Amino acid sequence: MSAASRSARPLRIVIIGAGMAGILSAIKLREAGFDDFVLYEKAARLGGTWRENTYPGIACDVPAHLYTYSFEPNPDWSHVFAPGDEIQRYFERVADKYGVTASIRCGVEVQRCEFIEGRWQLHLGNGATDTADIVIAASGVLHHPNLPDIPGLDCFGGASFHSAQWDHAVPLDGRRVGVIGTGSTAIQITSALAARVARFTLFQRTAQWIAPIENPPYSAEERAAFARDPSLIEKLRRDIDKAAIEKISNAVIDAESPEMKKIEAMCRANLERHVHDPVLREKLRPNYRAACKRLIFSSDFYTAIQHPNAELVTDAMERVEAGGVRTRDGRLHELDVLVLATGFRADRFIRPTVVRGRHGVVLDDVWADHPTAYLSLSVPGFPNFFLLNGPNGPVGNFSLIQIAELQIGYVLQLMTHIRDGHCREISASAAATRAFDVERIEAAKKSIWATGCKSWYLDRNGVPASWPWTYTRFEDEMSTPKLEAYDLN
Ligand code: NAP
């Protein structure tokens, strides 16, 4: 007899967000026999990060064959690191193939979720309501633009936009383009635009370590071979995965590890070898340890910033004026286009959606000090509410797809207990969540992120918020829920 036909209680599920994790959730729910679900997506189409970010040069710096659902390999990736539009098309194709697209309600924002008499009541932006037994918050991590508070930004006479809200109607060729920021986004934009526009100005507040990484295309023969023999992709995934875990993921959690020292040496050598002008080289040399901020991978940033069209400005920005950006040295950097590649508010998660758990407790209040969740996915007092890529998960140093696949597998196991009638409500216990948080914060002190730089990895208390243990530990934790860590009602 199938699990579904034994079911003690049919469950209705709402998935919030139709990005990588939401689409995955829908596919895996259906596969497990949970057919009654809907995805609410506030934007006009699916895709999450890859729908929002369309800036020139966008690519994923996780190798394409790893940044792919394990059950849906893609022999057609054009490059080792796929461009953003290819990734967007991949998700659209997968959502269609697995029949998810029809379950997505686009343009519908979930504004409020309230746990009332054992079920979640949802209030939607279109005025409608819905009810669910289970809510899966797959609303992403880096999606609330962080806008800089530079005086005069509103007075700029040219075009200005955040990197995640790129205005493609604005011409770039022959224009003077300025970019604020030196994160992964700004570095990719610099590589794409420095030689293309009339004048390119990069406003750097903090220098970045750059790890050199080539991005060769896959040849037609290689792609044909992948299509003929999927085991080749499987082997490639295993090899990349092993290398990434050993060389990066396990390195960053131990600042004194030999692997970390190798990364630092590689970044230093990259700077020495590729930046010729000693003055520029010193401007580009960070005064903190490599990978303390999210490590940047680029084969061409140093070439781009040394292009005759390009200028690196390190004087602090004083204000934005109609004609451009005025720096503290009194100079006006004249611009036609000003791009704010100033990152995201990484502590938002499901917010601004108002989530009220048992007894009307508001998630925003629970997270007033810092967002936290047991194993990054369950919050005490918020039964049958699960976060994918929630707080303190392994963001930044793993493929988020692999993480989300492990998480949804775990959530499905919890849901099966509810469906099969073993309990009606599941949420992490306060004690387990506290113990998890204490241990996590202690472990985070050893990580490279805690070695004295500012980054989006740090919470408001300066504690690294990312998973501070190995990938293997994450896999182990996700393999089977420890039910003693949960309140089961
Ligand atoms: P980010 O890493 O947070 O970088 C934001 C940049 O803006 C920093 O250089 C920051 O300077 C600067 N900034 C912010 N406010 C400023 C202000 N008021 N004045 C001057 N400068 C200001 O953001 P991001 O580049 O968008 O990247 C975010 C994350 O997205 C990455 O770390 C990565 O995980 C992901 N991402 C991945 C890829 C990929 O290829 N997979 C590509 C893009 C992004 P400070 O350093 O001084 O704070």
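Values in this document were obtained by computation on a predicted structure and should not be read as measured data.

### Description of the pattern of salt bridges
Per the counting criterion, the structure on display carries 39 salt bridges. In this structure, Asp420 and Arg419 form a salt bridge, with 3.9 Å as the shortest nitrogen-oxygen distance. The network of salt bridges with shared partners includes Glu256, Lys261, Glu264 and Arg289.

### Observations regarding the sheet that holds strand β19 (residues 385-387)
Sheet architecture is open: five strands sit in the order β3-β2-β1-β7-β19, paired in parallel fashion. The outermost strands of the open sheet, each flanked by one partner alone, are β3 (104-106) and β19. Here the average twist between neighbouring strands, direction ignored, is 20°. As paired strands, strand β1 (residues 13-16) and strand β2 (residues 37-41) are joined by four bridges and run parallel to one another.

### Considering empty space enclosed by the protein
Applying the stated rule across the entire model yields one cavity of 30 Å³ or more. Around the largest cavity, the lining residues are Thr182, Ile187, Gln204, Ala207, Gln208, Ile210, Leu284 and Phe301. Residue composition of the lining of the largest cavity, grouped by class: five nonpolar, three polar and no charged.

### Observations concerning the site of the ligand
Around the ligand there are 24 residues in total, and Thr182, Thr185, Thr206, Lys293 and Trp456 lie nearest to it. Per-element accounting of the shell around the ligand gives the leading share, three residues, to helix α5 (residues 184-193). Here the residues of the shell around the ligand sort into 10 nonpolar, 10 polar and four charged. Looking at which domains feed residues into the shell around the ligand, each of domain 1 (13-144 + 345-488) and domain 2 (153-214 + 256-340) supplies at least three.

### Observations regarding the packing of aromatic side chains
In the structure shown here, the tally under the stated rule is 22 aromatic pairs. Centroid distance Trp50 to Tyr67: 5.7 Å. Interplanar angle 70°. Geometry classified as edge-to-face. Within this pair, whereas Trp50 is found in helix α3 (residues 49-52), its partner Tyr67 is found in the loop between α3 and α4 (84-97), the two being separated by 17 residues in sequence. Residues Trp50 and Tyr67 agree in their burial class; the two are buried. Here the aromatic residues Trp50, Tyr67, Tyr69, Phe71, Trp77, Tyr90, Phe91 and Tyr98 are joined through ring pairs into a cluster of three or more.

### As for the state of the cysteines
Taken as a whole, this structure holds one disulfide when the rule is applied. In this model, Cys292 is linked to Cys453 through a disulfide, with the two sulfur atoms separated by 2.2 Å. Linking Cys292 and Cys453, the disulfide has an S-S dihedral of approximately -100° and is accordingly described as left-handed. Here Cys292, found in the loop between α9 (278-283) and β12 (296-297), pairs with Cys453, found in the loop between α13 (430-444) and α14 (471-479); they are 161 residues apart in sequence, far enough to count as distant. Each of the two residues, Cys292 as well as Cys453, counts as buried. This cysteine, Cys60, is not joined by any disulfide, and Cys267 carries the nearest cysteine sulfur, 18 Å off.

### So, the confidence of the model for the chain
Looking at the chain as a whole, its pLDDT mean stands at 96, while 98% of the residues score no less than 70. Scored below 50 in pLDDT, residues 1-6 makes six contacts in the model with residues more than four places away or belonging to other chains.

### So, the domain arrangement of the chain
When the domains of the chain are assigned, the result is domain 1 (13-144 + 345-488) and domain 2 (153-214 + 256-340). Between domain 1 and domain 2, the C-alpha centre-to-centre distance is 31 Å. Listed as interface residues are 20 residues of domain 1 and, on the opposing side, 23 residues of domain 2. Summed over both partners, the interface of domain 1 with domain 2 buries about 1,800 Å², with 57% contributed by carbon and sulfur atoms. The interface formed by domain 1 and domain 2 contains one salt bridge. Across the salt bridge formed by Arg294 and Asp61, the nearest N and O atoms sit 2.9 Å from each other.

### Here's the deal with the sheet that holds strand β6 (residues 129-132)
The strand order across the open sheet built from four strands is β6-β5-β4-β18, with neighbouring strands paired in mixed fashion. Two strands lie at the open edges of the sheet, namely β6 and β18 (354-356), each paired on one side alone. Across this sheet, the average inter-strand angle for adjacent strands is 15°, counted without regard to direction. Across three bridges, the pairing between strand β4 (residues 110-116) and β18 is parallel. In the sheet register, Arg112 faces β18, and the bridge partner there is Val354.

Each value, and the rule that gives it
- Residues numbered from 1 in each chain as written.
- Predicted model: local features only at pLDDT ≥ 70, side-chain atom pairs only at ≥ 80, totals over all residues.
- Heavy atoms only, no water.
- Salt bridge = Lys/Arg side-chain N within 4 Å of Asp/Glu carboxyl O.
- Pairing = 2+ DSSP bridges.
- Helix = DSSP H or I, 4+ residues; strand = E, 2+ residues; numbered from the N terminus.
- Axes fitted to C-alpha atoms, helices over the stretch in contact; angles between N-to-C directions.
- 1 Å grid on protein atoms, 1.4 Å probe; cavity = no way out; pocket = protein on both sides within 12 Å on 5 of 7 lines; lining within 4 Å.
- Points joined across faces, edges and corners; volume = space filled by probe spheres on them.
- Nonpolar A, V, L, I, M, F, W, Y, C, P; charged D, E, K, R; others polar.
- Near = heavy atom within 4 Å.
- Domains from an automatic or database assignment.
- Phe/Tyr/Trp six-rings, centres within 6.5 Å; stacked < 30°, edge-to-face > 60°.
- Buried < 20%, exposed > 50% of the residue type's maximum accessible area, 1.4 Å probe, protein only.
- Disulfide = S-S within 2.5 Å.
- pLDDT = per-residue confidence, 0-100.
- Contact = heavy atoms within 4.5 Å.
- Buried area = accessible area lost by both parts, 1.4 Å probe.

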